[in-house]
Amino acid sequence: MIRPVDIPSFGWTWTVGDFGFTTTSRNYGEGTASSLSLPLSQLDEHDADGRTTHVASPAELWSMLIGGRRALVSAWWWEQCSDLRGEPLWWGVLGSVEGSQTAATLPLDSPMTLLGGRYLIRDGKFRDGTSTDTLAWSGQSYRGLCCAIIQQATTGKNGGTLPFELPYLGETGSHERTSYQSWNVQNLSVRTLLSNIANCDGGPDMMFQPYWSDERTARVRFLAGSDGDAYLPTTGLPQVFRYDGRTGGDIEDLTMTSQVPVQRFYGTGSGSDAATITALAEDLSSVTMSTDPAVLRESVYSDSDADKASVLKSKLTPMLASNKLPCIQLSGTVHVDDMDSSGRVLHPLPRLWPGSMCYLDVSGYRWLPDGRYQLRLMELSGDQSDKVTVTFDVVQLAI
């Protein structure tokens, strides 16, 4: 850790597997005037009374902010947090910085964004002329495969090391990947490969979780669901959100969005022209019933990494299962500084991990019967305030 900084204005989005974090303009009324979010004075040195003792030179600003050498850890502190540094939420490398005389905007490249710029190619195996090297793994769990791919793209490359921990490296299972061929480099982005694994039938949720490894260092642990349970584990007691349409609750502006069903998926895999791998997944029971049939809807899915019909089918099957019936998705807003009657924070942000299981207690909502619903948090977004928009997983509910 070089130094702590206080970013007064920012926006963020946090999903299963990834996050986005950017500093934002601060708008005043209806005008377009703005002040950027990280004053350069944050990078100067000050005494105990707040007086400036040293103004950062251009060379120091470049060293701290420019060139893709620095990472930023964003931490959240609340009354019940024992670590005065706060609990880490996001880790990322500073991206392309935009600077003015007084301030800087600092986009943060998440681990998944970084891996989008790494390719599953062994050093020394991609050459002028032709490249025929192939990487393959077998007898692995899904998350074991993910760790092997990440390791090859980080410590397996000269200068490619990142502070990642890969706890499932070598974990055995029944899965294999046998055709990561170097000539197909345009399809070997590690982020794409991880996404392909996550989208397989039974593919795991995954995320990168930072933590303090010592007084001045943060590391990032790769977490993923297992072959037996694809969901990320919920640590501690599940969060409980309460909505009451008459008296209020700790979740506000509850909104329901419906999704019409899709009964047929056409899939295409690797290959070209008439040799392209294809697969089909369909369930026409809802459109062929004699009473009040649904309208047939079809969709297309393409994955150039799928070199077998069985692999492609394994990706279409969960898509069909999750889309063949009407679904809904709920979202609302919570205040992460709200406290209960004893003064404890109800929903501290570090306890709202995307992918974790939670409960929603509903009373007096026009779109749902009263009751408790078991859901999963899928996306969080907000800014520097305590107001956070939470989006839950798409679910099939029989009303």
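Residues numbered from 1 in each chain as written. Predicted model: local features only at pLDDT ≥ 70, side-chain atom pairs only at ≥ 80, totals over all residues. Heavy atoms only, no water.

> Just checking my understanding: could you explain the overall build of the chain for this structure?
The number of helices and strands found in the chain is 6 helices and 26 strands. On the principal axes, the C-alpha backbone points of the chain span a range of 75 × 70 × 45 Å. Counting across all 399 residues of the chain, residues that qualify as buried make up 41%. Taking the contacts inside the chain whose residues are at least 6 apart along the sequence as the reference set, 65% of them involve residues at least 24 apart. Surface summary for the chain: the accessible area is close to 20600 Å², and the carbon and sulfur share equals 49%. The average position of the 31 basic charges and that of the 46 acidic charges among the side chains of the chain differ by 5 Å. (Helix = DSSP H or I, 4+ residues; strand = E, 2+ residues; numbered from the N terminus. Buried < 20%, exposed > 50% of the residue type's maximum accessible area, 1.4 Å probe, protein only. Contact = heavy atoms within 4.5 Å. Areas by Shrake-Rupley, 256 points an atom, 1.4 Å probe, with all protein chains shown as cover. Lys, Arg positive; Asp, Glu negative; His and termini not counted. Charge placed at Lys NZ, Arg CZ, Asp CG, Glu CD.)

> Even after reading the chapter, I still don't get the sheet that holds strand S10 (residues 98-99), so can you show me in this structure?
Pairing between the strands of a sheet is mediated by backbone hydrogen bonds and can be parallel or antiparallel. Strand order in the open sheet formed by 3 strands is S5-S11-S10, and the pairing between neighbours is antiparallel. Edge positions in the open sheet fall to strand S5 (38-39) and S10, since each of these has one partner strand only. Pairing of S10 with strand S11 (residues 103-105), which is carried by 2 bridges, proceeds in the antiparallel orientation. Of the residues in S11, the one forming a bridge with Glu-98 is Thr-105. (Pairing = 2+ DSSP bridges.)

> What's the story with the environment of Ile-197 in this structure? I'm lost.
With respect to the element layout, Ile-197 can be found in helix H4 (residues 190-198). Between the C-alpha atoms of Ile-197 and Lys-315, which are 118 residues apart in sequence, the distance is 8.9 Å.

> Can you walk me through the layout of surface pockets in this structure?
Summary: where empty space remains is shown by rolling a probe the size of a single water molecule over the atoms. Put simply, the largest pocket is a space of about 1300 Å³. Taken together, 42 residues form the lining of the largest pocket, with Asp-205, Tyr-231, Arg-376, Met-378 and Asp-393 sitting closest to its centre. Counting only elements with at least two residues in the lining of the largest pocket, the list comes to H4, helix H6 (309-323), strand S23 (327-335) and strand S25 (371-383). Among the residues forming the lining of the largest pocket, the class breakdown is 19 nonpolar, 16 polar and 7 charged. (1 Å grid on protein atoms, 1.4 Å probe; cavity = no way out; pocket = protein on both sides within 12 Å on 5 of 7 lines; lining within 4 Å. Points joined across faces, edges and corners; volume = space filled by probe spheres on them. Nonpolar A, V, L, I, M, F, W, Y, C, P; charged D, E, K, R; others polar.)

> Please explain the pattern of salt bridges as it appears in this structure.
A pair can form between side chains of opposite charge whenever their charged atoms are brought close. Applying the stated criterion across every chain yields a total of 16 salt bridges. Lys-315 is the salt-bridge partner of Asp-303, the closest N and O atoms lying 2.1 Å from each other. Residue Asp-303 is located in the loop between strand S22 (298-302) and H6, and its partner Lys-315 is located in helix H6; the two are separated by 12 residues in the primary sequence. The burial state of Asp-303 is the same as that of Lys-315; both residues are buried. Among the ionic pairs, Asp-393 bridges to Arg-376, the shortest N-O distance being 3.3 Å. Within this pair, whereas Asp-393 is found in the segment after strand S26 (387-392), its partner Arg-376 is found in strand S25, the two being separated by 17 residues in sequence. A residue is classified by how much of its surface remains accessible, and Arg-376, at 10% relative accessible area, is buried. (Salt bridge = Lys/Arg side-chain N within 4 Å of Asp/Glu carboxyl O.)

Just distances and angles here, no functional claims.
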